[in-house]
Amino acid sequence: MTHDFFVMLSKSWGLFYLIFLFGIAVAYALWPANKEKFDRAAKSIFHDQDEK
Amino acid sequence: MFGVHKKLERNSIAFVLGVIVVASIGGFVEIAPLFTIDETVEADPDMRLYTPLETAGRNIYIREGCYVCHSQMIRTLRDDVERYGHYSLAVESKYDHPMLWGSKRTGPDLARVGGKYSDEWQAQHLRAPRSLVPASKMPNYAFLDRIQVQPDKMASHLRALRTVGVPYTDEMIENASADTIGQADPDGDLSDGVYDRYGAETNVRNFDGDMRKLTEMDALVAYLQILGQLTDLPDAPGVEPSSDTPSEEDNS
Amino acid sequence: MTFDFSPAERDAAIGTSFVAILIGVVMMVSSQSAAFTTHGAMFFAFGVLAFFGFAKDYNKPQAQPYSRDVYYDTPIKLGILLSIAWAIFGFFIGDWVAWLLAYPDLTFDAAWSSFGRIRPAHTTAVIFGFGGNALMATSFHVVQRTCRTSLPGRYGPIFILLGYNLFCLLAVTGYFLGVTQSKEYAEPEWYADILLTVVWVGYFFVFLNTLARREEKHIYVANWYYIAFIVVVALLHIVNNLAVPVSFGDTKSYSAFSGVQDAMTQWWYGHNAVAFFLTAGFLGMMYYYLPKAAGRPIFSYRMSIISFWGITFMYMWAGSHHLHYTALPHWVQTLGMTFSIVLLVPSWASAGNALLTLNGAWDKVRDNATLRFMMVAAVFYGLSTFEGSFLAIRPVNSLSHYTDWTIGHVHSGALGWVAFITFGAIYSVVPQLWKRERMYSPALVEVHFWLALAGTVIYVFAMWNSGIIQGLMWRTYSENGTLTYSFIESLEAMHPYYIARAVGGLLFLMGGLVCAYNVWKTISSSKIVGRVSTSPDGVLEGAA
Ligand code: HEM
Ligand code: HEM
């Protein structure tokens, strides 16, 4: 494991990995089927009473 | 892909793992290569070690939080270099556990302050900075004159430092106590050993002007006087300054 | 507290008190330095106090048996009160530090009170004491309410809070005594670090366990931020604090890292402490309390998810912007700079999301100081992240680094964002927890708001000015190519700004005192409502 090897790894795969995973996260957030769930979640905080 | 994510979201453990993985990689990418950096930073065989007294002084520097007002990192910028000397090299803090680069310059950079002033100036400046520099914001450290250094403790400090990678020899550790005393007692019997173990360029003298006791003032001044003096620089300060001088380890 | 505990929990409480006493005794017996003895004595005293506290009601029947359906609010109340106490202390020390930079002799002629020792006491008290307790308390509040379930047990959260505050006390008293590792925001020594690790693992399990018991399928996004905060802080804390103690019985340890590696590890830690402590945690707070107080769901839930992952992904890469032009390899600096700039996107997504949520509720913002606290927080979050990305650009950083500009950036984040969102959350949660209709005095909330805002603005403007002047003076050349100003001249030029900053800080501190008074009167007033009005649109009719 040399310094150059690590630097190479960081500069190339580090970035690919990042872009790839971030793509997944965005896809998840924008997936149409999830919309309803998210809407419900956003409103869920108003349904809690203080004493259950 | 979607299915995997849905699960990930539903299952908090997996979610936590996701966060750990995602979050660690950036740190890994930034830090891991640096642990192999020794290959690129030219090994400097002449890099001297801190003596026990200087180590004690360094610990006082840490304890008093001098680093919250003073940096020890001269950047590769023209004005930094002209003000404070040759920009700092990676090797120079190689034995600094931890490093004291600092992040704020309420006072000037100290990376190369060693030898800039006399011992008397340094001690007096620490006791009452405004007696020498009226506009100074630096606290008074007169109490350092009243606290004595404990030489017998220094062996365990050097041992701990060796554990984390500083190449102290057995002999240095055995003689840590004697060397602590010897360095501040130029006429005593113990001073020869300091030169033997730490090199002929070591500062051996009484630092605070009071021979009667070995105080924290001695230790701190000894440390300040060694800053920037532990190795010979590749070239004289300020030779190649430009507004953005790349550092030697630059390998991008 | 004990009367809430089950018999097993009572034994655990007594047991852990004994463990603290034992640790104290072992520390005192094996101690080789005065500071270590003092800290042993603090463990001991803490254990004894806890023991008597828990033993008092040991034999009383359990007031209310544990049920998933009953929210457990005691640790939340405790955390909020501790947070306020630390706020007052931390702001006070902060302002003292500020005055010291204007008039360095405004201190006692004693080692403990010198600048280098009390400045870390300020940062620890505000970040860990004020911020940390508020995060713990609100996370317990938010996770129970959004998961519609109780915390998994009664003693666990109390243990976490007490242990955490013992850590904070060891840290702050340690600096006064001269105990520090010198790593910024990770100053406490090895034994305090071990304590924090234990406490933090406990915190992690309590939080996760609550999520596991949730009655909602989906985990509300605020909790994501809290989890990221808990998990990543654990990771950072453990790695950055790896060290070898000189001996058992000595406070001193030597960091496992040195030089460049240490610098990168430290600022990987330091920057991500900002990211996951001062940002992610408080975003969690914002994503719950702000929509709740506005009575409107978050503008875009999707956006909150994307910015969550954006922040989690990218912050970790950015730490090296603290080390521009240093001996750190060039490519690492470039990497840090690039990611810092990209970071602006998820950061502004959150700030924008918050402000767009308020769009349509501006009348409430106008009338309700609590909500206004949160709005200002979102604005300052946007400002300070913009400023951060800007400062991360190498040439800009060449001017700003080492100057007061950094301090200005820090406090636009710390005061404008962290403290404002926290005060907003405190004013939302206090009437609800103590079952009061509203805060004792809405007018005082208003007073606090304006004091805090004026203080922040004065502080930040003073530091922008002084920082830029300082940076420019350091690099100004005369015609014949020599530096124009000596360091001392730049120092003298700072004087008026240091006074202005200290005055701003004083206003901020006064605001904190007003808050403490108001909370105290709210709690001690006798007006109790049976059930807090979470009116149909969810507005807590707290401070008007
Ligand atoms: C009354 C309010 C406050 C005042 C007067 C104040 C004052 C100060 C002063 C004078 C410094 C030292 C600056 C220097 O060395 O040049 C400082 C540093 C710092 N303060 Fe505050 N502060 C306040 C509130 C806060 C809050 C609420 C936070 C965090 C939540 C905070 C976080 C920090 C941090 C992180 C630093 C270190 C900055 C660095 O090293 O770059 N402060 N503060
Ligand atoms: C996109 C977001 C942000 C970026 C890119 C960023 C970037 C930076 C940069 C470049 C510095 C100066 C480093 C130096 O020259 O020494 C800095 C310092 C700092 N920032 Fe930020 N910042 C961001 C947000 C925040 C926020 C929201 C806070 C909240 C309080 C914050 C707290 C701090 C602190 C405490 C320091 C001082 C560290 C020290 O030197 O002790 N930052 N940040």
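Described below are features of the structure shown in this document. (Residues numbered from 1 in each chain as written. Chains lettered and ligands numbered in written order. Predicted model: local features only at pLDDT ≥ 70, side-chain atom pairs only at ≥ 80, totals over all residues. Heavy atoms only, no water.)

**Quick word on the site of ligand 2**
Then, number 1: Around ligand 2, the surrounding shell holds 25 residues, and the nearest of these are Glu-184, Tyr-185, Asn-397, His-401 and His-409 of chain C.
Then, number 2: Mapping the residues adjacent to ligand 2 onto the chains of the assembly identifies chains B and C.
Then, number 3: Taking Asn-397 of chain C, its side chain carries an N or O atom lying 2.9 Å from an oxygen atom of ligand 2.
Then, number 4: His-401 of chain C is positioned with one of its side-chain polar atoms (N or O) 2.7 Å from an oxygen atom of ligand 2.
Then, number 5: Going through the elements one at a time, helix H8 (259–294), helix H13 (369–391) and helix H15 (404–433) of chain C are the ones with two or more residues in the shell around ligand 2.
Then, number 6: Class assignment of the residues belonging to the shell around ligand 2 gives a composition of 9 nonpolar, 15 polar and 1 charged. (Near = heavy atom within 4 Å. Polar contact = N/O pair within 3.5 Å; in protein donor to acceptor, adjacent residues only side chain to side chain. Helix = DSSP H or I, 4+ residues; strand = E, 2+ residues; numbered from the N terminus. Nonpolar A, V, L, I, M, F, W, Y, C, P; charged D, E, K, R; others polar.)

**Side note on the coordination of the iron atom of ligand 2**
Note on metal geometry: ideal angles are 109.5 degrees for four donors arranged tetrahedrally and 90 or 180 degrees for six donors arranged octahedrally.
Then, number 1: No protein donor other than His-409 of chain C (NE2) coordinates the iron atom of ligand 2, and that contact is at 2.1 Å.
Then, number 2: Checked against the element boundaries, His-409 of chain C lands in helix H15. (Donors = N, O, S within 2.8 Å, 3.2 Å for Na, K, Ca; no water.)

**Let's talk about the layout of surface pockets**
Then, number 1: Its volume calculated, the largest pocket comes out at about 790 Å³.
Then, number 2: Contributing to the lining of the largest pocket are 27 residues, with Arg-63, Gln-150 and Glu-216 of chain B together with Ser-33 and Thr-251 of chain C lying nearest its centre.
Then, number 3: Those elements giving two or more residues to the lining of the largest pocket turn out to be helix H3 (52–63) and helix H7 (154–163) of chain B together with helix H2 (34–56) of chain C.
Then, number 4: The greatest single-element share of the lining of the largest pocket, amounting to 5 residues, is contributed by H3 of chain B.
Then, number 5: Considering only residue class, the lining of the largest pocket consists of 11 nonpolar, 9 polar and 7 charged.
Then, number 6: If you go around the second largest pocket, you meet 35 residues; those closest to its centre are His-70, Pro-108, Leu-110, His-125 and Met-138 of chain B.
Then, number 7: Every element with two or more residues in the lining of the second largest pocket is listed here: helix H4 (78–84), helix H5 (119–127) and helix H11 (216–226) of chain B together with helix H4 (115–147) and helix H17 (487–524) of chain C.
Then, number 8: Considering each element in turn, the lining of the second largest pocket owes the most residues, 4 residues, to H5 of chain B.
Then, number 9: For the lining of the second largest pocket, the class distribution of residues is 21 nonpolar, 8 polar and 6 charged. (1 Å grid on protein atoms, 1.4 Å probe; cavity = no way out; pocket = protein on both sides within 12 Å on 5 of 7 lines; lining within 4 Å. Points joined across faces, edges and corners; volume = space filled by probe spheres on them.)

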